[in-house]
Each structure stands twice: as C-alpha cells, then as structure tokens.
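Listed below, chain by chain, are the residues.
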Amino acid sequence: MDYDADGDEDILSGSYTGEVYYFEATAPGVWKQGVYLRNMDGNVLNVGISLTPEAHDMDADGDLDLLIGTRSDGVFVFENRGTRSLPQWSADGIPLKTSPGDELEGSNAHLADWDGDGKLDIVAGSEWGGAHWYQNVGKAGQFVFAASQELVARGKFMERTEEDGPVGPGSRTKVHAMDYNADGKMDLLVGDVQWLEYQLQPLTAKEKAEKQAFKPKYKAAEATYDQAVDERNSHVGKPGGIPEEVLQRYQNANDVFAPFRRQWSGYKRSRTNTHGWVWLYLGE
Amino acid sequence: MIFAITLTLFFAQSTPLALSGRLKAGDDFIDVTVGHAAPFMKDMNGDGLMDLLVGEFGDEDFPVSRLPDSMQDSKPGQYSQGKLRVYLNQGTASVPKYEAFAYLQAGGEDASVPTT
C-alpha cells in the first residue's frame, strides 16, 4: 500500500518482537530497509508479540489506519490521528469485537471480501491452526463483525515423523485470501509452522555409560535450578513483582544449569525439523 | 422458519474449500527457513501475473542496532532475521508456477524484521 500517499507502494510488516516495520519506497519497486513505527506520543508502536499489520481506512475518514492481528492477544485497530500522507498513530489500539461481544482472534487478521458482497470481511489464521472468518455485517464503509465461522478446521495435535509427513496445516497459521487460479471463486493460502520428528543413531555403549555417569550430576543441577524457578514463580502476580535479587538468583542458576541441560539433551535420540509450508485451499 | 431466517442473516454462505495441497517451487515443496510461513500474493514485476510472497522466521542474526532503544542490550544472536521470499509466477494466471526465489531487497540488503 502507499503509506505516505506519494504515489509508490510501500511495505508494512509485523515482527515477532511486536513492532510494525515500515519499508518506505524510494521509487517503484525500490525500498529502504525497514524501521519500526512510533505512535503519536513518540513511543514504539507495540501491541503484543508476533503481530501482522494491514493498512486500511477502518473509520471511513479518508486516511489509512492499522489493523493488527496478534499471536494470542486479539485483533486491534490503531487509528490514524494524522493525515493520509503523514500518519500519526494512536497510543492505544482498539480491540475489535464481534456484534455478539466476543473479541476477535487471529494470528493474522487479513481483510478480504470473502463472501463477495462488496464489503471487506476479516479472514484469520490462528495460533492453534486452521482458519476462520468474521463476516462484515455493517453498512457500506462500516465494520460490524458477525461471530467467527470456521473455514479450515484446526488439526488435532499429534507427533508425526519425517517419514509420516504432514496431513494438513500445523500451528500459527497465516492466511491470504484471493482467487488463486482465476476461476472466479475465492481461494485461501495457509502458511504454517510444524515440527516433524526423526531419530539419530542409537547411543554407543560408551555413550550410554557416559550418560549413566553424568545422570546424578545432571539431576543435582536440575534440582537447584528448579528451586530457583519455583522461587521466581512464587512472586509472579504479587504486589511489587519479582524482586531483583530473586531474578538474579534465577539467572545465576540458569547460567550454571545451561551446560548440564545442553549435555543431557545431547543424549536424546529424537530430534525435530521445523517446517513452514504453504497450503492451498481452492473454492469449490 | 424465523430461526432459519436469522441464521441466514448472520451466517452468510461462504465458498466451501477443498485442500489442493502444498505449493511447490520446481519439484520441491516450498518449506521456509525455520518455518512460520506467511503467504501473500502481489504482482511484483508488473507482468499482470500474481506472484507469491512468503515470509519466514529465518536463522541469521538480526542486527541489534535496528532494534528499539529498550532492546539495545540484547545479546548478538538473540533475534533472527525474518525475511520475505519472492517467487515470481513463471506460469499463467490460472496455473501459477514457481521456480527459484529471491529475498526482497531493501536498502541494498535483504529486507528483514526481528523474530525470536
């Protein structure tokens, strides 16, 4: 989209860390490296982790607003309080709700006219897989969303091997709706992440003996680490939060335990490969 | 009858979908680096055909200097470079076909955002 109304197409991207990155076009098809957006208070615009943005005039006032899907914190609109050519983002995002009152969910929130009625709906992926959509039942130029409707069912979690292969989209699905094959029907692309297991060669007799000798030292280090974790967790949610000295003790215990953890996991024979595929669903 | 009408108002017909499969580039499934594939389609080269863009998690270190001020004490390697693959459509509008990809370029290098 043209973020600054200067006639060329800019790019917006989300990030895992929660910022929105802006890649400004300096000429058609030429972009500057991404920089994070700030809100009108000068603070970094951030609404959660693992977010995806789309720019659209959500309030019909002639400028672009930001529609942001997050991994597990909902879907938000950041209003543009500036102008079409010089956006100024509101400090707080407005969480979108359906007309029955439920908060929208979507690891990405993608605007598309899914039902072909001339109004943009929201098609969304999910942290837990699958895809769903929120029909826009408002008048032209308005966004009023009906309850969520499933488009792609969430797969049941099961451990699969490289040999098994995948059966469908995994987790943290990101969706894009369009007519993929120019047949006049809406189709859906679903990107994912999923992990497939594979086995290493069995431990040799020498490695088994080494593991057995190491086990008591590992268990002792793990017990000390677990104590520090329990102490830290005992302060979560309490007034004052986690005291600095408790955090430091946890960090020290983690630093001591880390090499033990690494060596112990080296004896495991199963490993996983991380995959990210793009699944095509065609409208029938 | 009234119940059926109410359902129709709030649950409009949407196109049923059928799984076609995973997209390929050449003979191989598109499988992005460290997963977290995020697809998008746009005509990137102005030939009238929609091209495929796919975001990925990535595995190279994200430069700390590009992070917000509050994250400047991050250790090198704490964040990775999430990049964007561009697969140009080498087929047709009705039968898209992809081969090799190139990473989107920005400022003379691969465009990237932080992932962790």
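Visitor: Please set out the overall build of chain A residue by residue, giving values where relevant.
Guide: Looking only at helices and strands, one finds two helices and 18 strands in chain A. Its C-alpha atoms give chain A a radius of gyration of 24 Å, more than 25% over the compact-globule value 19 Å for 284 residues. With the C-alpha coordinates of chain A rotated into their principal frame, the extents come out at 70 × 50 × 45 Å. Of all 284 residues assigned to chain A, the portion counted as buried reaches 47%. Contacts spanning at least 24 positions in sequence make up 48% of the contacts within chain A whose residues lie at least 6 apart. When the accessible surface of chain A is split by element, carbon and sulfur atoms take 51% of a total near 14,000 Å². Taken together, the 28 basic and 46 acidic charged side chains of chain A have centroids lying 14 Å from each other.

Visitor: Tell me about the environment of A:Leu189, and please be specific about residues and values.
Guide: Along the chain, A:Leu189 falls in strand β16 (residues 187-199). For A:Leu189, a relative accessible area of 0% puts it in the buried group. When the C-alpha positions of A:Leu189 and A:Thr173 are compared, they lie 9.7 Å apart, and in sequence the two are 16 residues distant. Those residues in contact with A:Leu189, other than ones at most four positions away along the chain, are A:Lys174, A:Val175, A:His176, A:Met178, A:Tyr180, A:Val278, A:Trp279, A:Leu280, B:Leu23, B:Pro39, B:Met41 and B:Leu52.

Visitor: Break down the side chain of A:Asp57 for me, citing the residues and quoting the values.
Guide: Residues and elements named next belong to chain A. With respect to the element layout, Asp57 can be found in the loop between β6 (52-56) and β7 (65-69). Although Asp57 lies buried, it forms no salt bridge, and the closest oppositely charged side chain, Arg84, sits 7.8 Å away as judged by the N-O distance. Among the polar contacts made by the side chain of Asp57, one reaches the main-chain amide nitrogen of Ala60 at a distance of 3.0 Å.

Visitor: Would you mind going over the sheet that holds strand β8 (residues 75-78) of chain A in detail, with residue names and values included?
Guide: All names here are of chain A. Read across the sheet, four strands follow the order β6-β7-β8-β9 without closing on themselves; strand pairing throughout is antiparallel. Lying at the two open borders of the sheet, with one neighbouring strand each, are β6 and β9 (94-95). Bridging between β6 and β7 involves five bridges; their strand directions are antiparallel. Opposite His56, over in β7, you have Asp65 as the bridge partner.

Visitor: Talk me through the environment of A:Gly62; I want residue IDs and the actual numbers.
Guide: Tracing the backbone shows A:Gly62 in the loop between β6 and β7. Sequence separation between A:Gly62 and A:Thr83 is 21 residues; the distance between their C-alpha atoms is 8.3 Å.

Visitor: So what's going on with the sheet that holds strand β7 (residues 84-87) of chain B? Residues and values would help.
Guide: All names here are of chain B. Strand order across the open sheet formed by four strands is β4-β5-β7-β8, with antiparallel pairing between neighbours. The open sheet is flanked by β4 (38-42) and β8 (102-103), the only strands paired with a single partner. With five bridges joining them, β4 and strand β5 (residues 51-55) adopt antiparallel strand pairing. Paired with Met41 across the strands is Leu52, a residue of β5.

Visitor: Outline the pattern of salt bridges, listing residues and values.
Guide: The tally for this structure, following the rule as stated, stands at eleven salt bridges over all chains. We note a salt bridge from B:Lys83 to B:Glu60, for which the minimum N-O separation is 3.2 Å. Of the two residues, B:Lys83 sits in the loop between β6 (80-82) and β7 while B:Glu60 sits in the loop between β5 and β6, which places them 23 residues apart along the sequence. B:Glu60 gets classed as partly exposed once you look at its relative accessible area, which sits at 41%. Several salt bridges converge on common partners, so that one network encompasses A:Arg71, A:Glu127 and A:Arg172.

Visitor: Can you lay out the interface of chain B and chain A for me, pointing to particular residues and giving the numbers?
Guide: Each partner contributes to the interface: chain B provides 54 residues, whereas chain A provides 54 residues. Taking both sides of the interface into account, the surface hidden between chain B and chain A amounts to around 4,400 Å²; carbon and sulfur atoms contribute 63%. Of all residues in chain B, B:Leu17, B:Arg22 and B:His36 bury the most surface against chain A, accounting for 15% of the area lost on that side. Summed over the shared surface of chain B and chain A, the result is one salt bridge. Seen at the junction of chain B and chain A, the total is 21 residue pairs in polar contact (both at pLDDT 80 or more).

Visitor: Any details on the packing of helix α1 (residues 205-233) of chain A against helix α2 (residues 244-266) of chain A? Residues and values, ideally.
Guide: Residue and element names in this part refer to chain A. Orientation of α1 relative to α2, taken along the N-to-C sense of each, is 160 degrees, at an axis distance of 9 Å. By the angle class used here, α1 and α2 are roughly antiparallel. The crossing of α1 and α2 is left-handed.

Visitor: Lay out the pairing of β7(B) with the relevant residues and their values.
Guide: Residues and elements named next belong to chain B. With four bridges connecting them, β5 and β7 associate as antiparallel partners. Each residue of the ladder has a partner; that of Val54, found in β7, is Arg85. Bridge analysis of β7 against β8 gives two bridges, and the strand direction is antiparallel. Across the sheet, the residue bridging to Arg85 is Tyr103, located in β8.

Visitor: Describe in detail the packing of aromatic side chains, supporting the description with residues and values.
Guide: Under the definition given, this model contains 18 aromatic pairs over all chains. For the ring pair A:Tyr3 and A:Trp89, a centre distance of 6.1 Å and an interplane angle of 50 degrees mean the geometry is tilted. A residue pair is termed long-range when its members are at least 10 positions apart, and A:Tyr3 in the segment before β1 (11-13) and A:Trp89 in the loop between β8 and β9 qualify at 86 residues. Take A:Tyr3: its relative accessible area is 8%, and that puts it in the buried class. Here a set of aromatic residues connected by ring pairs shows up, and it is made of A:Phe214, A:Tyr218, A:Tyr225, A:Tyr250, A:Phe257, A:Phe260, A:Trp264 and A:Tyr267. A cation over a ring is seen here: A:Arg232 above A:Tyr250, with NZ or CZ 4.3 Å from the ring centre. The cationic tip of B:Arg85 hangs over the ring face of B:Phe101; the distance from NZ or CZ to the ring centre is 4.1 Å.

Definitions and cut-offs
- Numbering of residues begins from 1 in every chain and follows the order in which that chain's sequence is written.
- By the order in which they are written, chains take letters starting at A while ligands take numbers starting at 1.
- Totals for whole chains, interfaces and linings use every residue, but because this is a predicted model, local features are given only for residues with pLDDT of at least 70 and side-chain atom pairs only at 80 or more, for both listing and counting.
- Values reported for side chains reflect all heavy atoms of the structure, with hydrogen atoms and water molecules removed beforehand.
- Starting at the N terminus, helices and strands are each numbered in turn, a helix being any DSSP run of H or I of at least four residues and a strand any DSSP run of E of at least two.
- In this treatment the radius of gyration is a C-alpha quantity, and the globule benchmark scales as 2.2 Å times the residue count to the 0.38 power.
- Burial here depends on accessible area, computed with a 1.4 Å probe over protein chains only, as a share of the maximum for the residue type. Under 20% is buried, over 50% is exposed, and the range in between is partly exposed.
- The contact definition used throughout considers only heavy atoms, calling two residues in contact when any of these lie within 4.5 Å.
- Each accessible area value is a Shrake-Rupley result obtained with a 1.4 Å probe; residue values ignore everything except the protein chains displayed when judging cover.
- The sign given to each residue is positive for Lys and Arg and negative for Asp and Glu; His and the chain ends receive no count.
- Just so you know, the charge point we use is NZ for Lys, CZ for Arg, CG for Asp and CD for Glu.
- Here, a salt bridge means any Lys or Arg side-chain nitrogen found within 4 Å of an Asp or Glu carboxyl oxygen.
- Identification of polar contacts relies on pairs of N or O atoms within 3.5 Å, with a donor-acceptor requirement for protein atoms, meaning one able to donate a hydrogen and the other able to accept it, and with residues adjacent in sequence counted only if both atoms are side-chain atoms.
- The pairing criterion is simple: DSSP has to find at least two bridges between the two strands.
- Computed with a 1.4 Å rolling probe, the buried area is the accessible surface lost when two parts are put together, summed over both parts.
- Geometry is summarised by axes, namely lines fitted to C-alpha atoms with helices restricted to the contacting stretch, and by angles between N-to-C directions that run from 0 to 180 degrees.
- In these notes the angle categories are as follows: under 35 degrees is roughly parallel, over 145 is roughly antiparallel, 65 to 115 is roughly perpendicular, and the rest is oblique.
- Two helices that cross are described as forming a left-handed crossing if the nearer one is turned anticlockwise from the farther one by less than a right angle, and a right-handed crossing if clockwise.
- Two aromatic rings from Phe, Tyr or Trp, using only the six-membered ring of Trp, form a pair when their centres are within 6.5 Å; if the ring planes differ by under 30 degrees the pair is stacked, by over 60 it is edge-to-face, and anything between is tilted.
- By definition here, charges over rings are those cases where NZ of Lys or CZ of Arg is within 6 Å of the ring centre and within 35 degrees of the ring normal.

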